[in-house]
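Given next are the chains, with one letter for each unit.
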Amino acid sequence: MENEVVLLDLWASMYGMRVRIALAEKGIKYEYIEEDIWNKSDLLLQMNPVHKKVPVLIHKGKPICESLIAVQYIDEVWNDRSPLLPSDPYQRSQARFWADYVDKKIYDLAKKVWARKGEEQEAGKKEFIEALQLLEAELGDKPFFGGDKLGFVDISLVTFYSWFYAVETIGNFSIESECPKFISWAKRCLQKESVANTLPNSERVYEFLLDAKKRLGIE
């Protein structure tokens, strides 16, 4: 099909969830192909030969790799409905800045909690909370990062919420007690059908992470 949209993804991938939310916000129908990250398909390796990772959005047979790039592509191609990025160039630059901050910080800091022990884990928890508090300050009193509507920064960040239970359980701490405004924002995002239908069950993510730790030899 000329307009065929396909997504190569993994159900637990917070990066893949971004693309699924963006497609849902735009009302785009697509074929979903679940990948096994421990046994990658020939299609995935063909479509993303550089990073060999999910998600990969395939549109008209052409691959778009890296989740934030894919979300921006979706916003640009289907620009007649539900804009995800601001129209103002400066505001758009700021949205990209904070989405880039999320990409560079949140997963790596969370991993310091779930993949480390002792003093390293304690330091990781402190850094993780500090990063979330910085994002809380940027959110301020707005309902969403972009203002009144779910937007690019929200989509880039809210998918990590599905991993918070796992991070909290392994790290033995409470994110909500340290970042109540952040959790309120995440719950507000979950009132959106596109988000609620995308984010997986937190306990299922926890089991997935425990299995991944075993496979990776992380005690």
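The name that an unreviewed UniProt entry assigns to the chain is Glutathione S-transferase, with the source organism given as Arachis hypogaea. Quoted verbatim from the Catalytic activity (unreviewed entry) field of the UniProt record, the comment on the chain reads "RX + glutathione = an S-substituted glutathione + a halide anion + H(+)". Per UniProt, the comment on the chain under Subcellular location (unreviewed entry) is "Cytoplasm, Cytosol".

K.L.:
Please provide a residue-by-residue account of the domain arrangement of the chain, values included.
P.N.:
What the domain assignment reports for the chain is domain 1 (3–76) and domain 2 (87–214). Counting residues at the interface gives 17 residues for domain 1, matched by 25 residues for domain 2. Seen at the junction of domain 1 and domain 2, the total is 1 salt bridge. Our count for the contact surface shared by domain 1 and domain 2 stands at 6 residue pairs in polar contact (both at pLDDT 80 or more). Where the side of domain 1 that touches domain 2 is concerned, the elements lending two or more residues are α1 (14–26) and α3 (67–77). Residue contributions to the side of domain 1 that touches domain 2 peak at 8 residues, all from α1. Among the residues forming the side of domain 1 that touches domain 2, the class breakdown is 12 nonpolar, 1 polar and 4 charged.

Rules behind the numbers
- Residues numbered from 1 in each chain as written.
- Predicted model: local features only at pLDDT ≥ 70, side-chain atom pairs only at ≥ 80, totals over all residues.
- Heavy atoms only, no water.
- UniProt positions renumbered as here; feature names shortened; annotations may be inferred.
- Domains from an automatic or database assignment.
- Contact = heavy atoms within 4.5 Å.
- Salt bridge = Lys/Arg side-chain N within 4 Å of Asp/Glu carboxyl O.
- Polar contact = N/O pair within 3.5 Å; in protein donor to acceptor, adjacent residues only side chain to side chain.
- Helix = DSSP H or I, 4+ residues; strand = E, 2+ residues; numbered from the N terminus.
- Nonpolar A, V, L, I, M, F, W, Y, C, P; charged D, E, K, R; others polar.

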